[in-house]
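# Structural features, examined
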Amino acid sequence: DEHASRLTNEFNVSRHLASQQCSSVRGVLTQSDFDGLQAILLEWAPGTTLTKWIGNAHAIEVESSAGSMEIILKLACSISNALVEIHDAGVTHNNLNCNSIIVDELDGSGNMPMKVISLEFASLLTEDTNSETFSNLRRQDLKSLGTILFKIFSGRCPCEESNSSLSPEEEKEENENKTLLSLNQLISILATKKVPLCLAKLILSLMEVKGLTHHYYSAKDVETQLKSMLLNLESIMQNSDNDTASACRPGQLQFLQDKLYGRDSDLSILTNACNRTGTPGASRVVLISGYSGVGKSAIAEHVKAEFKEGRSYFISGKFDMAQQAKPLSALESAVNEFTDRVIQQGPQSVLETKKKIIDATNTDLGVLTEVFPRLREIVGEPTAAPEDFGAAAAQNRFKFIFDIFVKAIATPSSPIFLFLDDLQWADELSLQLISALVKD
């Protein structure tokens, strides 16, 4: 009859798994008759069903912590590994649920011993088995794994309520036909339990929730991802901030960080201008205008990121209304950034730049280091102090030396892109220097 057929199937599958050294299932001892009924004798698996374990674990409503999450993640890894062993042995369970998993207490190594039972509906891959059929059965096991993980981490069932007093046949049929709660309900449950975003996405993807992309096609992929989360659990919990509810909803408008929208033509113009710089006679000025907050600085910073490598220097400074009393504040910031870039490129770059600057400015090096003191990190201390002049003459001398300095460090092979933000707050001397650079 059907009962005897299921027992025989479990006996044969269990014996096959034992021959494959599958430690996640019970060993089968013998098949015999007991009081006129067919029976199989299996090794004893200590512990309790996963259903009871989940009930006990979530009996007290407490906020998730790294400690409690670590225990549950270890169990999730053990269950995933069990499914890996079963699938690798050419078997699919076909009725994987919380009642078909026995969980024991934590062992001395901190692992959670468990066994998969109830293999009466399992399928064994043979030469006659259609590969597509077996693939579909493995996919169904993965969906069941997703449901199990949802219950482990939330303590809740992801499906609409059903009758709990069912026979194995009825339970299997109902598991296949259960209706999932809505996506918003599932997300709300996981968010309430403060399940980290990466873990929530894995669970919902496994369950093949409508509206989400499905990324996992093998139990091994799931196990690898869970182990990675376990290794990085502390940082995951610190960075989670309960963002599951907002990030999982596919219908919610989201903007990627550091991505510009609708500014492709502006980026192209600025990038092309930068690419042409460095060729003879190709110095140029590009003005970015617009109301406050429209993203002018963001466009420049985006282009700056593209030119951070190589021999070019993309340096920047920002004028500030409160800094107008301090001349050259934005240009000083840009020169400081240039200094940092040269030093980051190594000793050879420092020596080459030092020689260029000293050869160009000669005895007037101190004129530069007085205004841009961090240049001393490249050129060292000037050997002579700047000669005293009157205010007007000293300013003209500085403008001349600054022009020589820029020509020395900005070459066709190492062009400089100077981005000056909030030009409307520029001081008079800065405007004169910028004007001189543009006209030269």
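This structure is a prediction, so every number in the text was calculated from the model and none was measured.

## Looking at the sheet that holds strand β6 (residues 114-116)
Pairing in this open sheet of 3 strands is antiparallel, and the strands run β3-β5-β6 from one edge to the other. In this open sheet, the two strands that pair with only one neighbour each are β3 (48-49) and β6. Sheet topology places β3 next to strand β5 (residues 101-103); 2 bridges connect them, and they run antiparallel. Bridge pairing links Thr49 to Ile102 in β5.

## A word on the pairing of strand β9 (residues 416-421)
Residues in a regular strand point their side chains to alternate faces of the sheet. The buried count for β9 comes to 5 of 6 residues, which makes it a mostly enclosed element. Where strand β8 (residues 313-318) lies against β9, 6 bridges are found, and the strand directions are parallel. Its bridge partner being in β9, Ile315 is matched across the sheet by Leu418.

## Examining the pattern of salt bridges
Under the defined criterion, the tally for this structure stands at 13 salt bridges. Between Glu223 and Lys227 there is a salt bridge; the shortest N-O distance is 3.2 Å. Here Lys227 and Glu223 lie together in helix α8 (residues 219-231), a separation of 4 residues that amounts to about one turn. Judged by relative accessible area, which is 41%, Lys227 ranks as partly exposed. Arg374 is paired through a salt bridge with Glu377; the nearest N and O atoms lie 2.9 Å apart. What makes Glu377 partly exposed here is its relative accessible area of 44%. What emerges from the salt-bridge pattern is a single network uniting Lys220, Glu223 and Lys227.

## What to know about unusual backbone geometry
Although it is not a glycine, Ser118 sits at a positive phi angle of roughly 60 degrees. Here Ser118 lies in the loop between β6 and β7 (123-124). In this structure, Asn362 takes a positive phi of about 55 degrees despite not being glycine. Relative to the helices and strands, Asn362 resides in the loop between α14 (347-361) and α15 (365-371). The class for Asn362 is exposed, based on a relative accessible area of 55%.

## Here we look at the confidence of the model for the protein
When pLDDT is averaged along the protein, the result is 84; 85% of the residues meet or exceed 70. Per-element averaging of pLDDT across the protein places helix α10 (residues 244-247) at the bottom with 54 and strand β4 (residues 91-92) at the top with 96.

## Regarding the packing of aromatic side chains
Counting across every chain of the model gives 6 aromatic pairs. Between Phe372 and Phe398 the ring centres are 6.1 Å apart and the planes differ by 50 degrees, which places this aromatic pair in the tilted class. A residue pair is termed long-range when its members are at least 10 positions apart, and Phe372 in the loop between α15 and α16 (376-379) and Phe398 in helix α17 (residues 391-409) qualify at 26 residues. Through successive ring pairs, a cluster of aromatic residues spans Phe372, Phe398, Phe402 and Phe405.

## Considering helix α1 (residues 2-19)
Taking 1.5 Å of rise per residue, the 18 residues of α1 would be expected to cover 26 Å, and the 26 Å separating its terminal C-alpha atoms lies within 8% of that figure. Every buried residue of α1 is accounted for by Ala4, Arg6, Leu7, Glu10, Phe11, Val13, Ser14 and Leu17.

## Some details on the side chain of Arg397
Position of Arg397 relative to the elements: it lies in helix α17. Despite its burial, Arg397 remains without a salt bridge, the nearest opposite charge being carried by Asp364 at 4.8 Å. When neighbours within four sequence positions are excluded, Arg397 is seen to be in contact with Asp364, Val367, Pro386, Glu387 and Phe389.

Cut-offs applied
Residues numbered from 1 in each chain as written. Predicted model: local features only at pLDDT ≥ 70, side-chain atom pairs only at ≥ 80, totals over all residues. Heavy atoms only, no water. Pairing = 2+ DSSP bridges. Helix = DSSP H or I, 4+ residues; strand = E, 2+ residues; numbered from the N terminus. Buried < 20%, exposed > 50% of the residue type's maximum accessible area, 1.4 Å probe, protein only. Salt bridge = Lys/Arg side-chain N within 4 Å of Asp/Glu carboxyl O. pLDDT = per-residue confidence, 0-100. Phe/Tyr/Trp six-rings, centres within 6.5 Å; stacked < 30°, edge-to-face > 60°. Expected span 1.5 Å × (residues − 1). Lys, Arg positive; Asp, Glu negative; His and termini not counted. Contact = heavy atoms within 4.5 Å.

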